[in-house]
Amino acid sequence: MHTETDLLHGSILKSLLLFAAPLFVSNLFQKLYNTVDTMIVGHYLGDLSLAAIGASMSVNDLLIGFAIGIGNGMGIVIAKIYGMRDGRRLRQAVASTLTIGVGVTVIFMLLGEICLRPLMQLLQTPPEIFDEAYSYIHVMVLCIGVMFAYNLFSGLLRAIGNSVMPFLFLLIASVLNIFLDILFVTQFSMGVRGTALATVLAQGVSAVLCLVYILFRCPLLLPSAEDFRYDASLCRELLGQGFSMGLMIAVVSAGTVILQFSINQLGYEIIAAHTAARKLNSFFTMPGMTIALAASTFVSQNRGAGQWDRIRKAVRYSNLICIGLAAVMTAVLAIWSPALMRMISGSSEAVILDNGALYLRLNAPFYSVLGVLLTLRYSLQGMGRKVVPVISSIIELLGKIFFVLALIPSMQYFGVILCEPVIWCLMCAQLAFSFYHDPHIRSAKATPAA
C-alpha cells in the first residue's frame, strides 16, 4: 500500500486534501470515541458524573495538551528536515525526540501527582462531584506517557507524509475504546474511572501499532546508537519548537481552566450542559483543526525545501476550505442542536438541553474564524515563527480573564457562550497580520495556484 503523500511536488490542493483526508477520518474517530465516553457516562451514570468529567476536562487539556504540544512541535522540526532530504539529520532528530519525550513524560507524571488535587480545589470543583472528577483526571495524568507515545509515533509518520497508517491504527483503537467503555462502566461498575482507563488502554494499543510499523516499514526513521549522541544545536531547535507549541497549548488551556472556574460557580446542571456542548463543539470544529494540522506538515516540509510560494498557496486553500466547512456546520447546528444535546447528554432536563443548544448555535457562525485562525497559527509554527502563535494564545488567556472578571458574573452562562467567538476574532486578526507580513510570504511569487 502506498501510504506517503508527496507534499513537495505537484498539485498543492490535491496533495493537501490527500494528506488531510486520513487525518480527518482519524480525528473523526478520535472525537467519536471521546463522544461515546460522554454518552455512556450521561446515559448510564447520570448528570452528576457527566459534570464530573466536565469539571476535570480543562485540567486534563492543560496538562496533557502541553505534553502533546511538545511532541507535535518536535514533529514540525522533523518534517522540515525530511523536506531537506537529509537522512542522517533526520535519524538524529528522531533520536533526540525520543530522549526528550521520555524526560517530559516523567516530569509531567510527577507534576500531576503533586499538583492535581490542589489545582482542582483551587478551581472550586463542587463537592458533590469532586471525588469522581479527581478519579477521572488522575488516571489520565498518571498515564500521560501513553498519550505522549501515540502522538509522538503518529507524528513521526505524519512528518514524512504518511497520514494513512496512523488513521488505521486509531480506527482499531476507537473500536477497542468503545468496547472497553461499555465493559468497564456497565459490567465492572468502574464509573468515570473506567472511561479514563478505557481511553488509556485504547491509545496504548494504537501507540504500539505505530511503533511496530515504524520498526518494520520506515527504516529512514530508525536511529542507530550513534544517532543518540548529544547535538546541542539540534536539541535547541527541537526543544525550542516543542516548548513553543506546548506553551501555546498550555496558555490556551490555562484560559480554559480559568473559564471553568466561572462555570463551576453556575451549578452542576450548567457544568453538565457545557460538558456535552463542548464535546459536540469539538466534534464540529474538528474539520478545521484537521486542515490546520495538514497545513502545518505541508508548510514544514516545503519550508525545508525553500518553496515559499507553495506555502502561501496552501494556506490560501486551507482558509477557503475552512470557511466552506464552517458554513455547513452552522446550518447543521442551527437545526439539530437540541436533538444532538439530548443524544449526547442522555438528559431530559430543560436547563441542560437549552443552554447546551444555545452554546452551539451561537458559536457555530464563528467556526470559519476559528478555522482560519488555526490554519494561520499552525502554519506560522511550521514556518519556524515560534513567538507569534504564543502571543495569540496570550491574547486568548487575557480575553478569558477579562470575561471571567468583568462579564460572566453579570451575564452568567451567556457570557461564557460569547467569550470564545469574540476572542477568536481578535486572535485571527493578529495572526493574519503576522503571516501576510512575513518577508518570505510577501516575496513569494503571485503565480497561479498549482
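Residues numbered from 1 in each chain as written. Predicted model: local features only at pLDDT ≥ 70, side-chain atom pairs only at ≥ 80, totals over all residues. Heavy atoms only, no water.

Caption draft 1: Geometry of the overall build of the protein. Within the protein, the regular secondary structure consists of 15 helices and zero strands. Its C-alpha atoms give the protein a radius of gyration of 21 Å, near enough to 22 Å, the size a compact globule of 450 residues would have. Its C-alpha atoms give the protein principal-axis dimensions of about 55 × 45 × 40 Å. Relative to its full complement of 450 residues, the protein shows a buried share of 58%. Long-range pairs, those at least 24 residues apart, make up 85% of the contacts in the protein with a sequence separation of at least 6. As presented, the protein carries roughly 17,500 Å² of accessible surface, and 69% of it is formed by carbon and sulfur atoms. Charged side chains in the protein number 28 positive and 22 negative. The centres of these two groups are separated by 13 Å. (Helix = DSSP H or I, 4+ residues; strand = E, 2+ residues; numbered from the N terminus. Rg over C-alpha atoms; globule rule 2.2 N^0.38 Å. Buried < 20%, exposed > 50% of the residue type's maximum accessible area, 1.4 Å probe, protein only. Contact = heavy atoms within 4.5 Å. Areas by Shrake-Rupley, 256 points an atom, 1.4 Å probe, with all protein chains shown as cover. Lys, Arg positive; Asp, Glu negative; His and termini not counted. Charge placed at Lys NZ, Arg CZ, Asp CG, Glu CD.)

Caption draft 2: How the structure looks around empty space enclosed by the protein. Within the structure shown, the criterion is met by two cavities of 30 Å³ or more. In this model, the second largest cavity occupies a volume close to 80 Å³. Along its surface, the second largest cavity is lined by 13 residues, and Phe284, Thr285, Gly288, Cys322 and Tyr367 are the ones closest to its centre. Counting residues per element, the lining of the second largest cavity draws most heavily on helix α9 (residues 268-304), at five residues. Classifying every residue of the lining of the second largest cavity gives 10 nonpolar, three polar and no charged. (1 Å grid on protein atoms, 1.4 Å probe; cavity = no way out; pocket = protein on both sides within 12 Å on 5 of 7 lines; lining within 4 Å. Points joined across faces, edges and corners; volume = space filled by probe spheres on them. Nonpolar A, V, L, I, M, F, W, Y, C, P; charged D, E, K, R; others polar.)

Caption draft 3: Up close: α9. The terminal C-alpha atoms of α9, which comprises 37 residues, lie 50 Å apart, in line with the 54 Å expected from a rise of 1.5 Å per residue. At Met286, α9 shows its strongest bend, of approximately 45 degrees, with the proline Pro287 following within four residues. α9 sits mainly inside the fold: 28 of its 37 residues count as buried. Downstream of α9 by one or two residues, Gly306 has phi in the positive range, about 70 degrees. (Expected span 1.5 Å × (residues − 1). Bend = angle between axes of the 7 residues up to and from the residue.)

Caption draft 4: View of the side chain of His138. When you line up the elements, His138 lands in helix α4 (residues 127-142). Residue class for His138 comes out buried when judged on its relative accessible area of 13%. Ignoring any residue separated from it by four or fewer positions in sequence, one finds His138 in contact with Glu113, Leu116 and Arg193.

Caption draft 5: Just the state of the cysteines, in detail. The tally for this structure, following the rule as stated, stands at zero disulfides. Looking at Cys322, it has no disulfide partner, and the nearest cysteine sulfur is the one in Cys428, 10 Å off. There is no disulfide at Cys428, and the cysteine sulfur nearest it, in Cys425, is 7.6 Å away. (Disulfide = S-S within 2.5 Å.)

Caption draft 6: Broad picture of a nonpolar patch on the surface. Nonpolar side chains collect at one region of the surface, where Val208, Leu211, Val212, Leu215 and Phe216 lie side by side and expose about 480 Å² of accessible area between them. Here Phe216 shows up in helix α7 (residues 191-217). A residue is classified by how much of its surface remains accessible, and Phe216, at 67% relative accessible area, is exposed. (Patch = residues over 30% accessible without salt bridge, like charges linked within 9 Å, V, L, I, M, F, W, Y side chains within 5 Å. Salt bridge = Lys/Arg side-chain N within 4 Å of Asp/Glu carboxyl O.)

Caption draft 7: View of the packing of helix α13 (residues 387-411) against helix α14 (residues 413-436). At a closest axis distance of 9 Å, the pairing of α13 and α14 adopts a crossing angle of 155 degrees. When the interaxial angle is binned, α13 and α14 end up roughly antiparallel. The interaxial crossing formed by α13 with α14 has right-handed handedness. Here the residues of the contact of α13 with α14 sort into 17 nonpolar, five polar and three charged. (Axes fitted to C-alpha atoms, helices over the stretch in contact; angles between N-to-C directions. Parallel < 35°, antiparallel > 145°, perpendicular 65-115°, else oblique. Left-handed = near helix turned anticlockwise from the far one by under 90°.)

Caption draft 8: Layout of the pattern of salt bridges. Summed over all chains, the structure comprises nine salt bridges. The partner of Asp231 in a salt bridge is Arg89, with the nearest N and O atoms 2.8 Å apart. You can see Asp231 sitting in the loop between α7 and α8 (232-264) and its partner Arg89 sitting in helix α3 (residues 87-122), a full 142 residues away along the chain. Put simply, Lys313 and Asp309 hold a salt bridge, and the shortest N to O gap is 2.7 Å.

Caption draft 9: Quick peek at the environment of Val404. Here Val404 lies in helix α13. Each C-alpha atom, one on Val404 and one on Gly415, is 8.4 Å from the other, the two residues being 11 residues apart in sequence. Among all residues touching Val404, those that are not within four sequence positions of it are Ile258, Leu259, Ser262 and Pro409.

Caption draft 10: Layout of the environment of Ala93. Structurally, Ala93 can be placed in helix α3. Taking the relative accessible area as the measure of exposure, Ala93 reaches 0% and is therefore buried. Dropping the residues within four chain positions of it, Ala93 is found in contact with Ile78, Ile81, Leu234 and Leu238.

Caption draft 11: Structural context of the confidence of the model for the protein. Looking at the protein as a whole, its pLDDT mean stands at 88, while 98% of the residues score no less than 70. Between residues 446-450, whose pLDDT stays under 50, and residues either more than four places distant or in other chains, the model counts 13 contacts. (pLDDT = per-residue confidence, 0-100.)

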